[in-house]
Every structure is written in C-alpha cells, then in structure tokens.
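For reference, the chains in residue letters:
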Amino acid sequence: MSLKFGTSGLRGLSQDLKGKASAIYATAFARHLLASGQAKAGDPILIGQDFRDSSPDIAQTCIGALEAAGLKPIDCGALPTPALALYSMSLKAAALMITGSHIPADRNGIKFYRPDGEIDKQDETAIAELAKQVEGEAVSVTSATAENRSNQANALFFERNASLLPEKSLSGLKIGVYQHSTVARDAFVDVLNHYGANVLPLGRSETFIPVDTEAVSSDTLEKLKAWSAEYKLDAIISADGDGDRPLLADEHGIPLRGDLLGLITANFLKADVVVTPVTSNSGIEGNGDFQVLRTKVGSPFVIAGMDEALSNGNKGVIGFEANGGFLTASPFTLNGKTVSALPTRDCFLPLLAVLKLAAEQKKPLSEIAAAYKLPVAAADRLQDFAQEKSAALMQHLRSSRANLESFLQPVGTVKDTSDIDGLRVTLTDGSTIHFRPSGNAPEMRCYVEAADADKADELLSKGLNLIRNFG
C-alpha cells in the first residue's frame, strides 16, 4: 500500500486510500483523540475536502468511521484547509481535511487536526501504530453523511481575512485570480472584492489540476504570462488544491517565491521570531528585525519550532515555508483588532500583505521583489523518480566527501554542507545546491541559490541532470 505520512499529513494513491484504508485511519485518529483526552465520546469532529474526484467518497467513509468510533462528525464541505482549521479551533474540536494538496489527481491524503491545531510527529506515530491495530479488526466501511456547516466555516474565515487590512486597501489594483480547481477560488474573489480590487477570475476548471506553488509548471507559467499581458494585470493570485499555499505572480506573470512572500508578511506583522525551513532563502536573515530559526521541511517541524520559541517567552512568533504557506503562533493586532493565532499553513495572509504593500507603494510587484536583493533561488523536481532511487542517491552522497565532490564536479567545488533536511551544499563561488527526496511521493527535489537568474537556472538544470543520470 502506498499510504504514508509525509511533510504534512497522510498521502498515497487514491485507490489505496478509498474504502477500508480511510476508515482505518479515521478510526485510529478517533481512538488517539479519545485515549489522549483530547476528545470524549460525543464530541464534534469536522471533515473538509478538496475538489479531487476521490475526495467525496473518502470523506463519507471517514464520517461513517468517526461516527462508529463515538464522535459526532460535522461536514464542512469543500473549503480551504486554513478555513477548516480556524473553524475547528474556534469550536475546540478536532478535524480531518481530505486532500492531496498539490500532488497529482490520482493521489489523495488526509490532514489531521487536534482541537488546538495540526498534529505533530508524535501524533503521527501514535495514529500509525493504532492504524496497524485497527487493520487487524473487522472495521466497518460504511459511507455516511453528517450535519453540514460549510456556510459557518467559510463565513468565519471570510471574517478573519476581511479584518487583516483597512477597508478598500487594494483599490486601484487589477488582480487576476487563477481559479483552476483550488478550494480557495471563490473565497479569493470575495476577499479581493471586499478590499476594493478590480478582480478578474481566470482559468476555472471542473477537472482537478495539481498546481504546485513551489515548482510552478511550464504550463502554468505560460498561462500566467499570457493573462498578464492580455489583461494588463497588476498581479495574479492562486493557490494549491487545498488553499494553504499561495501563488502570487507579478505584472509580467512571473511568480514571486513563497519565502519572499513570507518575509514580506513577517515584516508586515512586525514579527519577533521567524521559523522557517532550511530550504527557504538564505537572505531572510538580513532582511528584517527578527530572529530566524531554521528547521526541517514540513509544517510539523515549523510548528515545533514555533512552540519552542513560545516556550522560551517570545512574542510575535510566525513561521513560513518556501512554498509560501504562512503560520502564526501568536495573536497579532492589525487595524486595532486582534487576529488570533492560526498555526497551520494559510495562503490568504501572505497574499494580502504583499498586495497591500504594492498598493501603498504604488510600485509594480517586480520592483518590490527586486528591492529585497535576495540571492536568486530556483527549485524544481523530477517526478516519477522512485523513492528507492532517491534513497540510494542520498546514501551515496552522504557516504563520503569524495563521493559528494565527484558527483558535484560538473557544477562546482564543495565548501560546506548542511544535513538538516536532505543535503544542502554551499559551493566555493557562494552558490548553493540542495538535494531533497519527497517524503510522500516518487519525486526528487532540487533547490539552488546563485548570484543571478541565469546562474541559478544553469545550476538548477545541471543539478536535475545529475539526479536524472544517477545510477
């Protein structure tokens, strides 16, 4: 079976998750909540989903399993993951989000939320162990329906996003919304209209399209550039399938990196501590009045870092990832209102913060991005790259300095290495190249930084070829 926990939740082939497997994991999660005292019999538990063809079936099976386990399921329909998390935290209830995020349509997953937010790695281990026990039982696989509160969940999320900026903050901006199949597509239009932007919905699809905001496909890039030119847009916004990772393209249709969005948002909030993975841009440390803590890739690690910062007495703690997903561990005061902490990936706050800056400065996004003078970063992935081959490559590179230097000889000379997550190598010319296997899909990712775009593109191309030709 393909199912396993990755950087954010359980994922695998849809055909493996549908039916008994989804009932097993939903039951395991319910038992974990009950055994740990995070829920008691009869407590509500929320279920949300994305627009994948397989999501409704999986959601209905989970509803049946959760009900059989003694909890009271509440159906929140198709909505952004941060909207589900916000509503669940407001009710002090656990939740499940049926989504595969950005991965292909033939795959799906489940994200699990405790009443206080995302599960951590310890929770993952406990759920996985309980799933093994449940698998040996005669678990009931029954599809069911539940009370629907999608309107309430979406209304609460809109209320939050409508309080982040002053009224009409985005007046004068013409913004395209690449709607594709993201569950955030209608909420984007509503929120932008609320702030006075001229909004143009684009590319709505009833077929699921896997949009990866960290490694934007050539097809998506072509769409963004064509729409920007045709409609003379100031920006285009979008998100991945479950609406927790932002995509923001400038006036030319060129996407801004997610870690730049996070950096701008950290400054917008006047954050004191920034927690971000090792894959985020190395220039972050020099572009704000905050402390930076680096982690492994994945929201559970960012959340653990934020919790550590809070336990050390810090205020104004936030986190973000290179994919742009933005998390708040502390409440912040904006426009005289307190915005509660939302310690899960959110795409709305970073998009609104950056668009507000563009409206205030009356400058194009490309100029705003360039002013930060960050090293030019690029990333891409090789799909259908067997996880066994990824493991063999990483073992080879880590086994000796000689192996690493020989492998990288076509791109440069090794200066330093970091093994926080994957293998990050600083070369003697100051550029970096970082190899990292996906935790939940047959993919190998490569991240690079260089002095300019041409050098970054060249280094990325060479790095992907090195991976491709290994073995």
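For the structure itself, look to the data block above.
Here goes a summary of the coordinates provided. The structure presented is a predicted model; accordingly, all values stated were derived computationally and were not measured. (Residues numbered from 1 in each chain as written. Predicted model: local features only at pLDDT ≥ 70, side-chain atom pairs only at ≥ 80, totals over all residues. Heavy atoms only, no water.)

## Description of the overall build of the chain
Thinking step 1. On a plain count of helices and strands, the chain comes out with 15 helices and 24 strands.
Thinking step 2. Expected size for 471 residues packed as a compact globule is a radius of gyration near 23 Å; at 22 Å, the chain falls within 12% of this value.
Thinking step 3. C-alpha extents for the chain along the principal axes are approximately 60 × 55 × 45 Å.
Thinking step 4. A total of 471 residues make up the chain; the buried ones form 58% of that total.
Thinking step 5. Counting contacts in the chain only where the partners sit at least 6 residues apart, residues at least 24 apart contribute 69% of the total.
Thinking step 6. Here the chain contributes 46 positively and 57 negatively charged side chains, and the mean placements of these two sets differ by 1 Å. (Helix = DSSP H or I, 4+ residues; strand = E, 2+ residues; numbered from the N terminus. Rg over C-alpha atoms; globule rule 2.2 N^0.38 Å. Buried < 20%, exposed > 50% of the residue type's maximum accessible area, 1.4 Å probe, protein only. Contact = heavy atoms within 4.5 Å. Lys, Arg positive; Asp, Glu negative; His and termini not counted. Charge placed at Lys NZ, Arg CZ, Asp CG, Glu CD.)

## With respect to helix H15 (residues 453–468)
For an α-helix, the turn length of 3.6 residues means that residues three or four places apart are oriented alike.
Thinking step 1. Between its first and last C-alpha atoms H15 spans 22 Å; for 16 residues at 1.5 Å apiece the expected length is 22 Å, and the two agree.
Thinking step 2. Ala456, Leu459, Leu460, Gly463, Leu464, Leu466 and Ile467 are the residues of H15 that are buried. The arc that holds every buried residue of H15, seen down its axis, measures 155°, which confines them to one face.
Thinking step 3. Buried residues along H15 sit against strand E20 (376–383), helix H13 (387–399), helix H14 (401–408), strand E22 (423–427), strand E23 (432–437) and strand E24 (443–450). (Expected span 1.5 Å × (residues − 1). Arc of directions from axis to C-beta.)

## With respect to the sheet that holds strand E12 (residues 246–249)
Thinking step 1. Overall, mixed pairing links the four strands, which are arranged E10-E9-E11-E12 in an open sheet. Of all the strands in the sheet, just strand E10 (198–204) and E12 have a single pairing partner and so form its edges. Neighbouring strand axes in the sheet, compared pairwise and without regard to direction, differ in orientation by 25° on average.
Thinking step 2. Pairing between strand E9 (residues 174–180) and strand E11 (residues 235–239): three bridges, direction parallel. Bridge pairing links valine 177 to isoleucine 237 in E11.
Thinking step 3. Packing of helix H11 (residues 348–361) onto the sheet brings it into contact with E9, E11 and E12, and relative to E12 it is tilted by some 25°. (Pairing = 2+ DSSP bridges. Axes fitted to C-alpha atoms, helices over the stretch in contact; angles between N-to-C directions.)

## What about the nonpolar core?
Note that soluble globular proteins tend to have their nonpolar side chains buried in a common cluster.
Thinking step 1. Among the nonpolar cores identified, the biggest contains 65 residues, and Leu170, Phe188, Leu192, Ile237, Leu248, Ile318 and Leu355 are the most heavily contacted of them.
Thinking step 2. If sequence neighbours within four positions are ignored, leucine 248 has contacts with Ala235, Ile236, Ile237, Ile254, Pro255, Leu256, Leu261, Leu351, Val354, Leu355 and Leu365.
Thinking step 3. Within the second largest apolar cluster, 35 residues are counted, among which are Cys62, Ala65, Ala131 and Ala144. (Core = buried A, V, L, I, M, F, W, Y, C linked by side-chain atoms within 4.5 Å.)

## Overview of the sheet that holds strand E15 (residues 317–320)
In a beta sheet, neighbouring strands pair by backbone hydrogen bonds and run either parallel or antiparallel.
Thinking step 1. Ordered in space as E14-E13-E15-E16-E19, the five strands form an open sheet in which the pairing is mixed. Edge strands, defined here as strands with exactly one partner in the open sheet, are strand E14 (291–295) and strand E19 (342–346). Taking each pair of neighbouring strands and ignoring which way they run, the sheet shows an average axis angle of 20°.
Thinking step 2. Both E15 and strand E16 (residues 326–328) contribute to a ladder of three bridges, which runs antiparallel.

What is shown is where atoms sit, not what they do.
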